[in-house]
Amino acid sequence: MQLILEKRAQASHFMHFASPLLAISLTVLLGGVIFSAMGQPPLTALYIYFVDPLTSLWAIEEVLVKAAPLVLIGVGLSITFRANVWNIGAEGQLTAGAILGAIIPIFFAQWQSPLALITMLALGMLGGAMLAAIPALLKTRFGVNEILTSLMLVYVAQLLLDWIIRGPWKDPHGYNFPKSVAFDGWHLIPTYGDGRVHMGLIIALLAALILYWLMTRTIKGFEVRVIGSAPRAGAFAGFSQTKMVWFCFLLSGALAGLAGIIEVAGPIGQLQPHISPNYGFTAIIVAFLGRLNPIGVIFAGLLLAISYIGGEGVQIELGISDKTAQVFQGMLLFFILMCDTLIHYRVRLLKPQGGAL
Amino acid sequence: MSAYEAIILTVITASTPLLLAAIGELVVERSGVLNLGIEGMMVMGAVSGFAIAQVTGSAWLGVLMAMFAGIAMSLLFAFMTQTLVANQVATGLSITLLGLGLSGLIGSSFVGMPGLKLGYLNIPGLSDLPVVGKLVFGQDPLVYISIALTIGVAYVLKRTRIGLIIRAVGQNHDSAHALGYPVIKVRYACIAFGGMTSGLAGAYLSLVYTPQWIENMTAGRGWIALALVVFSTWLPGRLAAGAYLFGGVWILGLYAQGMGLGIPSQLLSSLPYVATILALIVISTNRRLSVINTPASLGQGFVPDR
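All values derive from a computational prediction rather than experimental measurement.

(A) Looking closely at the overall build of chain B. Looking only at helices and strands, chain B features 14 helices and zero strands. Secondary structure elements of chain B occur, N-terminal to C-terminal, as α-α-α-α-α-α-α-α-α-α-α-α-α-α. The C-alpha radius of gyration of chain B comes to 19 Å, within 12% of the 19 Å expected for a compact globule of 306 residues. Counting the 306 residues in chain B, one finds 55% classified as buried. Counted over contacts in chain B with a minimum sequence separation of 6, partners at least 24 positions apart contribute 77%. Total accessible area computed for chain B in this model is approximately 12,000 Å², and 70% of it derives from carbon and sulfur atoms.

(B) Just the packing of helix H2 (residues 42–51) of chain A against helix H13 (residues 294–318) of chain A, in detail. All names here are of chain A. Contact pair H2 / H13: the axes reach a minimum separation of 7 Å and the direction vectors enclose 135°. In terms of orientation, H2 lies oblique with respect to H13. Remark: the crossing between H2 and H13 carries right-handed chirality. Along its contact with H2, which presents Ala45, Ile48, Tyr49 and Phe50, the element H13 presents Ile306, Ser307, Gly310, Gly311, Gly313, Val314, Glu317 and Leu318. Split by residue class, the contact of H2 with H13 holds seven nonpolar, four polar and one charged.

(C) Seen up close, unusual backbone geometry. Residue and element names in this part refer to chain A. The phi dihedral of Asn84 is positive, around 65°, even though this residue is not glycine. Accessibility expressed as a relative area gives 41% for Asn84, which makes it partly exposed. The residue Arg291 is not glycine, and still its phi comes out positive at about 60°. By the secondary structure assignment, Arg291 is in the loop between helix H12 (279–289) and H13. The class of Arg291 is buried, set by a relative accessible area of 10%.

(D) Focus on the interface of chain A and chain B. On the side of chain B, 46 residues touch chain A, which itself brings 42 residues to the contact. On the chain A side of the interface with chain B, the three residues burying the most area are A:Leu148, A:Met152 and A:Phe334, jointly 17% of the side's total. Here chain A is connected to chain B by one salt bridge. Here B:Glu215 ties to A:Lys323 by a salt bridge, and the two come within 3.0 Å at their closest N and O atoms. Listing elements by their share of the side of chain A that touches chain B, those giving two or more residues are strand E1 (2–7), helix H6 (114–142), helix H7 (146–166), H12 and helix H14 (324–344) of chain A. Per element, the largest residue contribution to the side of chain A that touches chain B is 12 residues, and it comes from H7(A). For the side of chain A that touches chain B, the residue count by class is 31 nonpolar, seven polar and four charged.

(E) Representation of the packing of aromatic side chains in the model. All names here are of chain A. Evaluated as defined, the whole model comprises 16 aromatic pairs over all chains. When the centroid spacing of 5.6 Å and the interplanar angle of 35° are considered together, the rings of Phe35 and Phe328 count as tilted. Here the residue Phe35 occupies a position in helix H1 (residues 13–37), and Phe328 occupies one in helix H14, the gap between them amounting to 293 residues. For Phe35, a relative accessible area of 0% corresponds to the buried category. Owing to a relative accessible area of 3%, Phe328 belongs among the buried residues under this scheme.

(F) Region of the structure containing helix H9 (residues 183–209) of chain B. Residues and elements named next belong to chain B. An ideal rise of 1.5 Å per residue puts 39 Å on 27 residues; H9 measures up with 37 Å between its terminal C-alpha atoms. Residue Ala203 marks the point of greatest curvature in H9, where the axis turns by about 25°. Burial runs high along H9: 21 of the 27 residues are buried.

(G) Just H7(A), in detail. Residue and element names in this part refer to chain A. The end-to-end C-alpha distance of H7 is 30 Å, a good match for the 30 Å that 21 residues give at a rise of 1.5 Å each. Across the 21 residues of H7, 15 count as buried, placing the element largely inside the fold. Two or three places before Ile147, at the opening of H7, Asn145 has a side-chain oxygen 2.7 Å from that residue's backbone nitrogen.

(H) Main features of the nonpolar core. By size, the foremost hydrophobic cluster in this structure holds 200 residues, and its most contacted members are A:Leu72, A:Ile73, A:Leu271, A:Phe288 and B:Trp223. No other element matches helix H11 (residues 241–268) of chain A, which puts 13 residues into this core. What A:Leu271 contacts, discounting residues up to four positions off in sequence, is A:Ala98, A:Ile99, A:Ala102, A:Ile106, A:Leu161, A:Ile164, A:Ile165, A:Trp169, A:Lys179, A:Ser180, A:Phe183 and A:Val264.

(I) Layout of empty space enclosed by the protein. Residues and elements named next belong to chain A. Tallied over the full model, the rule gives three cavities of 30 Å³ or more. Elements supplying a minimum of two residues to the lining of the largest cavity: H1, H2, H13 and H14. With three residues, the top contributor of residues to the lining of the largest cavity is H1. Its residues assigned to classes, the lining of the largest cavity comprises seven nonpolar, two polar and no charged. Volume-wise, the second largest cavity comes out at about 50 Å³. Elements with a minimum of two residues in the lining of the second largest cavity: H12 and H14. Its residues assigned to classes, the lining of the second largest cavity comprises three nonpolar, five polar and no charged.

Cut-offs used in this document
- Residues numbered from 1 in each chain as written.
- Chains lettered and ligands numbered in written order.
- Predicted model: local features only at pLDDT ≥ 70, side-chain atom pairs only at ≥ 80, totals over all residues.
- Heavy atoms only, no water.
- Helix = DSSP H or I, 4+ residues; strand = E, 2+ residues; numbered from the N terminus.
- Rg over C-alpha atoms; globule rule 2.2 N^0.38 Å.
- Buried < 20%, exposed > 50% of the residue type's maximum accessible area, 1.4 Å probe, protein only.
- Contact = heavy atoms within 4.5 Å.
- Areas by Shrake-Rupley, 256 points an atom, 1.4 Å probe, with all protein chains shown as cover.
- Axes fitted to C-alpha atoms, helices over the stretch in contact; angles between N-to-C directions.
- Parallel < 35°, antiparallel > 145°, perpendicular 65-115°, else oblique.
- Left-handed = near helix turned anticlockwise from the far one by under 90°.
- Nonpolar A, V, L, I, M, F, W, Y, C, P; charged D, E, K, R; others polar.
- Buried area = accessible area lost by both parts, 1.4 Å probe.
- Salt bridge = Lys/Arg side-chain N within 4 Å of Asp/Glu carboxyl O.
- Phe/Tyr/Trp six-rings, centres within 6.5 Å; stacked < 30°, edge-to-face > 60°.
- Expected span 1.5 Å × (residues − 1).
- Bend = angle between axes of the 7 residues up to and from the residue.
- Polar contact = N/O pair within 3.5 Å; in protein donor to acceptor, adjacent residues only side chain to side chain.
- Core = buried A, V, L, I, M, F, W, Y, C linked by side-chain atoms within 4.5 Å.
- 1 Å grid on protein atoms, 1.4 Å probe; cavity = no way out; pocket = protein on both sides within 12 Å on 5 of 7 lines; lining within 4 Å.
- Points joined across faces, edges and corners; volume = space filled by probe spheres on them.

In structure tokens:
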């Protein structure tokens, strides 16, 4: 028996949207198998994982808090991947944004005005874009593979954060803990009511809408799609591959940097060695699950935010390692790529005797 | 043992995992496939090698299991990219993310356990020779395996019919297919070989380099191995030289930290990553070197039109 792919005459519109749902079902199914292999009741575990995060106000708030950075980074990456540019160093750009933005609360603590917060956010975007400019420059100037350089810079950025927070930027009255001073006043992102949901969520949704508009209603969006799917056609149309690499890296870097400063000025409230549970890498999954479409990314971001909270849930209630979240996320990306084959191909099982062609 | 001898020995132990992972990926890329999942295959090798060594009490069974784990992960990749023609970059990333998560889950019960260490080669007489004894005859067995694999790969690729087929498949899969070579099967085999050496590299970390299980203990070595393949311009000899150079940089950072020169340790820890970027720039600016050996079909999916 052999698997045979038959190319469809046209890409299947139905599978384009059904594929993520199929991938999610497969993930849940295999997730149940993994839970029972770990000696847990699979249905209970799956319920705690996927449904519990939506049953209490507190948990929904946490999901939204986690969705904000995922959507913000994910929309930038969705456009980048669409153009066939591979920025996989968003985690580093997030870190760089957090570092640069934190200059205001750490060195200008007295400056309390809405303008201070706006400056912080702008610096965050600048920091992310600056780090992302390095792979862009190396790619366009020397032809260096951007996948490897953007990833290497993640380690560099994280070590830089580790150094400044244990060294020069450490809170002098912090009992030698590796933490900066706690941000306060206008150096914190406003939250809604007394809860944890902050303005970052609105910023993320706005970014998604703006980029959706850019992709569907502007020449730039058209350029991204042409260069991504038919680079030669793009070249004949006069679209510059070099400019596209720069555009994608600066855009996705700035958004990752913004997510970074929002995290430290929001849920965390100060600079510390670990500021992100791999948001920058998880956002890659968000981008693919969201069909590389900014609106789709919003839903994908919510789902992956649930996977974080669900992972914490099974850890607390069943005592399973919180690594389950990472396993589920990896499986999800794996299955989505698998199901995406169905968009362009029909899969058929061929019996051996059917040798006549 | 003199200080220099000690430094050379540590450089070799730091270089061997890089060489093991990179030599497999070199074959994979020569066959026209870009597998970005090395980090994931390696970390799965590390955790399963450690776990089996703990359970059975035999480090060698651990090594064997690590090879199997690497192959298993690589076959997932092969099925996705060869049979289902999924995007190779994205699939490689998913293998890495999945491997990092799964290894953390499997390894959570092994954190902090003292590990088993693979013994050193000890040939009575030879290993006790002055100067060269320990260096040439007293390494752990995987060091010899890594060197043998490098020489073997160089020989097979350059001098044998199989090597010619692998290179043909990597240069132009349509022509290779037209000539009757089984493109997809060749690529499956190469990917599995890459998975095996990545698994070995992982076992080296958890059974020799630091005999214990630490989460994410590969620390980006899989990615550095990928960069090394580019740096080597797909030539095994240059790959080995590059691996030892990078192992040297890694150890340089560790030694400088130990000497307490007042340089922040984080700066020294970032050396291998910065060096990787610099090496990629150096090799990419040299168009002649970088283009001549690049497999022309690298990263492109192949669907036979029957």
